[in-house]
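Architecture at a glance
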Amino acid sequence: MTDNLIGKMLDGYKLINLLGAGGMASVYLAYDAENDRDVAVKVLPFHMAGNDTLRRRFAREARM
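1. Thoughts on the pairing of strand S4 (residues 37–43)
Pairing of strand S3 (residues 26–32) with S4 involves 7 bridges; the strand directions are antiparallel. Bridge assignment links Tyr28 to a residue of S4, and that residue is Val41. Where S3 hands over to S4, the hairpin turn is made up of 4 residues, of which Asp36 adopts a positive phi near 50 degrees.

2. Description of the sheet that holds S4
Ordered in space as S1-S2-S3-S4, the 4 strands form an open sheet in which the pairing is antiparallel. With partners counted over all chains shown, the strands left at the sheet margins are strand S1 (9–10) and S4, one partner each. Where strand S2 (residues 13–21) and S3 come together, 7 bridges link them in antiparallel fashion. Paired with Leu18 across the two strands is Tyr28, which belongs to S3.

3. Some points on the nonpolar core
Membership of the largest hydrophobic core is limited to 7 residues, which are Leu15, Leu18, Tyr28, Ala30, Val39, Val41 and Val43. Of all the secondary-structure elements, those providing two or more residues to this core are S2, S3 and S4. When residues of this core are assigned to their parent elements, the largest contribution, 3 residues, is made by S4. Core analysis: the second largest hydrophobic core is formed by 5 residues, Met24, Ala25, Leu44 and Phe58 among them.

4. Topic: a positive patch on the surface
On the surface, a cluster of positive charge is made up of Arg56, Arg57, Arg60 and Arg63. Counting through the fold element by element, Arg57 comes out in helix H2 (residues 52–63). The exposure class assigned to Arg57 is partly exposed, which follows from its relative accessible area of 43%.

5. Digging into the pairing of S3
Burial along S3 is one-sided: Ser26, Tyr28, Ala30 and Asp32 are buried, and none of Val27, Leu29 and Tyr31, which face the opposite way, are. Counted between consecutive antiparallel strands, the loop separating S2 from S3 contains 4 residues.

6. Describing unusual backbone geometry
With phi around 55 degrees, Asp11 is a residue other than glycine that occupies positive phi space. By the element assignment, Asp11 lies in the loop between S1 and S2. The phi angle at Asp36 is positive, at roughly 50 degrees, despite the residue not being glycine. Mapping Asp36 onto the fold places it in the loop between S3 and S4. Relative accessible area serves as the criterion here: at 59%, Asp36 is assigned to the exposed category.

Definitions and cut-offs
- Residues numbered from 1 in each chain as written.
- Predicted model: local features only at pLDDT ≥ 70, side-chain atom pairs only at ≥ 80, totals over all residues.
- Heavy atoms only, no water.
- Pairing = 2+ DSSP bridges.
- Helix = DSSP H or I, 4+ residues; strand = E, 2+ residues; numbered from the N terminus.
- Core = buried A, V, L, I, M, F, W, Y, C linked by side-chain atoms within 4.5 Å.
- Buried < 20%, exposed > 50% of the residue type's maximum accessible area, 1.4 Å probe, protein only.
- Patch = residues over 30% accessible without salt bridge, like charges linked within 9 Å, V, L, I, M, F, W, Y side chains within 5 Å.
- Areas by Shrake-Rupley, 256 points an atom, 1.4 Å probe, with all protein chains shown as cover.
- Salt bridge = Lys/Arg side-chain N within 4 Å of Asp/Glu carboxyl O.
- Lys, Arg positive; Asp, Glu negative; His and termini not counted.
- Charge placed at Lys NZ, Arg CZ, Asp CG, Glu CD.

Following this line, the structure appears as structure tokens:
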């Protein structure tokens, strides 16, 4: 598990805590300041982001 993103901003979400990590992504508890709510944010690791097949799979999963 990696927690090096904790405390960072990602597309308007402040990553607060690592909730879990799997083979493809990590899920963080994050704060959405625009809507004043906590959310879960799933992050594809940087080393996988360059793989078009994995990015499409990740995007397809997000739409479901």
